[in-house]
Amino acid sequence: MPIIYPSYLENNKDFVYDICIIGAGLSGQIVASNIKDKKIILIDSGKINFSKEVQDLNKIEMGGLKFREEFTNRVRQLGGSANMWANQLMFLDKYEIEDRHWLGENLSWPVGYDELKKNYSEIIFNLYGKSLENPFDKVSDRNFYSTLENEFLNEKNISLVNCIWPNKVEKFNIHSKFTKKIIHNKNIHFISNFTATDFHINENIEKLTEVTFLSENKKISIKANTFVLACGAIENARILLNNQSKFKILDNKNIGKYFMDHININLGYIKSKNKLPLSILFGMKYRKFDIRKCIKFSENFQKEKGILSCHSYIDPVYEKNDEDIFWNLLKEIKKFIRLKGIPKLELKKMNFRKTIEQLYFRVPPQVSNSILNSFLRSILCSNKNYLSFNKLKIFFQGEQLPNVNSKIYLSQKRDRYNQNIAIVDWKLDKIDYQSQNEFIEILSKKFKSHEFLNFETNSNMKILDVSHHSGTTRMSNNKNDGVVDKNCKYHGLKNLYICGSSVFKTIGSGNTGLSIMAISNRLGNYLNENLN
Ligand SMILES: Cc1cc2nc3c(=O)[nH]c(=O)nc-3n(C[C@H](O)[C@H](O)[C@H](O)COP(=O)(O)OP(=O)(O)OC[C@H]3O[C@@H](n4cnc5c(N)ncnc54)[C@H](O)[C@@H]3O)c2cc1C
């Protein structure tokens, strides 16, 4: 009976689980998947399918910079935000978790890179059933690079990094094999639509004993020997902050501080005299995974300039007409997938090639499923000169320096479970803006006297977020500098672990998902080996 109902818990009030994992996004699920022979309960506030009502529990107020409005930045549902993600995977570079003295303070993680690397490989294998050839070797095969990448190969200040798209988009929801295996595991009880609210700590103030969960008009309390909080970087901090007034031990001054996201900016455009076929854009290459190449400043260049990590990637620019065609095609494809039949004839009227390609690049969350994605990838990868563009957009993704003034704190407003909602006060520092200017300079120089490409700066640059929320319960060797230790255990409590990007001390420039999975994999292994 792996998916359980509240009545089961009501009848077994005194049952003590070995582990209670709060939050069944990718982080909570990966922790659960690694623990053997223990009685686990995995509880998510979200339902199995998306519900607007439950999603409202994610409401936040914005203090500093605003998140983009058109974008759902988190999801409350089994699988969490992975329901919406593009599943683009990037590795942190070694120096990004080590001391970069040029940034002032020592920002090294208590976890070594070898360990992270081992967990990257393990999780990629476990989830996608494949190992990446030389995933850490960035310049292994020059024939692999496209013409545009070759433009940068001999630039000493630039390195090329991989952004990986697995063929199968893993969403960690009810359609995922990985998730089904977890929630049907005989040792794991899974319960949805129950939201963690109140903590209970023992008299000696050394252990969490139980946690209260609410759902509409129901209330349950879960007792466990060990608890793992895996609710995402905003909610992890919010839950702790909401319990701070009751328990002095939760009064760690770092909770909610050092909130980080990546800075995303459209820097400008590359225009070409000739049409550029899709196959020469960054990334249209295929091996076991699709790999989009990004250009990144080398470690030495960052050191020389005293800047943070950042990278840039390129997308084609579409005309309005293409967009309309795209949305129509999307509708048709959705029908096609649902009916498992042949698409309606209207498809013929559309520019099939163009729109298919757009689907590929945008990977819209509404449609990305494994069948569709592998279909699109195989079409695109087997056609060398499929489409062509005159104009390409350059995006910049930059790291944010941990900043004590960038933080999550509580509003006076409460949600329907009487929990104070979170205010996200996203603030940037002067240094966060510096790498972007360096990038513009490099691109302008590079293409200034180019034979057929030129670079034009975007006159209307805006800073956007990318939903890579991190840092709010960061790892540290002691509680003055962070919230959890190197094993993700809360400083000061024996049995509370926190997982996800909230424990990251720095975020490098790559998307955070793969590192969240690696850290969760590591925590799962640790608990498996260390709990009696
Ligand atoms: C549109 C979009 C696209 C993205 N694309 C990428 C990408 O391509 N690559 C990448 O690396 N990253 C991407 N990300 C970020 C990535 O999806 C997240 O970093 C990742 O999913 C976080 O996983 P998590 O398990 O730590 O947290 P979450 O996914 O937030 O999961 C937390 C879970 O906890 C539950 N929960 C919350 N509060 C409570 C509570 N009080 N009690 C019980 N349960 C609770 C939630 O319902 C949720 O299921 C994207 C994000 C978005 C929104």
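Below, the structure is looked at part by part. (Residues numbered from 1 in each chain as written. Predicted model: local features only at pLDDT ≥ 70, side-chain atom pairs only at ≥ 80, totals over all residues. Heavy atoms only, no water.)

Helix and strand counts for the chain come out as 13 helices and 17 strands. Taking contacts inside the chain between residues at least 6 apart in sequence as the whole, the part at least 24 apart equals 75%. Accessible surface, the chain: about 22,900 Å² in total, of which carbon and sulfur atoms supply 48%. (Helix = DSSP H or I, 4+ residues; strand = E, 2+ residues; numbered from the N terminus. Contact = heavy atoms within 4.5 Å. Areas by Shrake-Rupley, 256 points an atom, 1.4 Å probe, with all protein chains shown as cover.)

A word on the pairing of strand 7 (residues 208-215). Each regular strand displays side chains that alternate between the two surfaces of the sheet. Summarising burial for strand 7: seven of the eight residues are buried, a large majority. Strand direction decides the pairing type here: strand 6 (residues 195-201) and strand 7, joined by five bridges, are antiparallel. Its bridge partner lying in strand 7, Phe199 is registered against Val211. The hairpin turn running from strand 6 into strand 7, its antiparallel successor, is six residues long, and Ile205 in that turn takes a positive phi close to 50 degrees. Here strand 7 pairs with strand 8 (residues 218-229) via six bridges, running antiparallel. Its bridge partner lying in strand 8, Val211 is registered against Ile222. Where strand 7 folds back on strand 8, the antiparallel hairpin that results is connected by two residues, among which Glu216 adopts a positive phi of roughly 45 degrees. (Buried < 20%, exposed > 50% of the residue type's maximum accessible area, 1.4 Å probe, protein only. Pairing = 2+ DSSP bridges.)

In this structure, Phe199, Phe213 and Met517 are the most contacted members of the largest nonpolar core, which totals 117 residues. With residues up to four places along the chain from it excluded, the contact list for Met517 reads Leu26, Ile30, Trp85, Leu89, Ile123, Leu127, Tyr128 and Phe172. (Core = buried A, V, L, I, M, F, W, Y, C linked by side-chain atoms within 4.5 Å.)

Glancing now at the side chain of Thr195. For Thr195, the position within the fold is in strand 6. Using a relative accessible area of 7% as the deciding quantity, one classes Thr195 as buried. Contact partners of Thr195, with chain neighbours within four places excluded, come to Ser45, Leu57, Arg76, Thr212, Phe213, Leu214 and Tyr417.

Our focus in this paragraph is the sheet that holds strand 3 (residues 60-62). Sheet architecture is open: three strands sit in the order 3-15-14, paired in mixed fashion. Two strands in the sheet have a free side with no partner beyond their single neighbour: strand 3 and strand 14 (407-414). Recorded for the sheet is a direction-independent mean angle of 35 degrees between the axes of neighbouring strands. Alignment of strand 14 against strand 15 (residues 420-425), held across five bridges, turns out to be antiparallel. Along strand 15, the bridge assignment pairs Arg414 with Asn420. (Axes fitted to C-alpha atoms, helices over the stretch in contact; angles between N-to-C directions.)

As a further point, take the pattern of salt bridges. Across all of its chains, the model carries 26 salt bridges by this definition. Glu456 is paired through a salt bridge with Lys271; the nearest N and O atoms lie 2.9 Å apart. Taken together, the positions of Glu456 in strand 16 (residues 453-457) and Lys271 in strand 9 (residues 263-277) put the pair 185 residues apart, joining distant regions of the chain. The class for Glu456 is partly exposed, based on a relative accessible area of 33%. (Salt bridge = Lys/Arg side-chain N within 4 Å of Asp/Glu carboxyl O.)

Attention now goes to the packing of aromatic side chains. Summed over the entire model, instances satisfying the criterion amount to 11 aromatic pairs. Consider the rings of Trp109 and Phe504, whose centres lie 5.1 Å apart with planes at 40 degrees: the pair is tilted. Of this pair, Trp109 sits in the loop between strand 3 and helix 4 (113-128) while Phe504 sits in the loop between strand 17 (496-498) and helix 13 (513-530); the two residues are 395 residues apart in sequence, bridging distant segments of the chain. You can call Trp109 buried: its relative accessible area is 6%. Their ring planes at 85 degrees and their centres at 5.8 Å tell us that Phe396 and Phe439 sit as a pair that is edge-to-face. Taken together, the residues Phe396 in strand 13 (residues 388-398) and Phe439 in helix 12 (residues 430-448) connect sequence positions 43 residues apart. (Phe/Tyr/Trp six-rings, centres within 6.5 Å; stacked < 30°, edge-to-face > 60°.)

As a further point, take helix 12. Relative to the 27 Å expected for 19 residues at 1.5 Å per residue, helix 12 spans 28 Å between its end C-alpha atoms, a close match to the ideal helical length. Taken together, the buried positions of helix 12 are Ile431, Asp432, Ser435, Gln436, Glu438, Phe439, Ile440, Ile442, Leu443 and Phe447. (Expected span 1.5 Å × (residues − 1).)

Where helix 4 contacts helix 13, the two axes come as close as 8 Å, and the packing angle between them is 95 degrees. Judged by the inter-axis angle, helix 4 sits roughly perpendicular to helix 13. Touching Glu115, Leu116, Asn119, Tyr120, Glu122, Ile123, Ile124, Asn126, Leu127 and Tyr128 of helix 4 are Leu514, Ser515, Met517, Ala518, Ile519, Asn521, Arg522 and Asn525, all from helix 13. By residue class, the composition of the contact of helix 4 with helix 13 is 10 nonpolar, five polar and three charged. (Parallel < 35°, antiparallel > 145°, perpendicular 65-115°, else oblique. Nonpolar A, V, L, I, M, F, W, Y, C, P; charged D, E, K, R; others polar.)

Take it as geometry only, folks, not as evidence of what the structure does.
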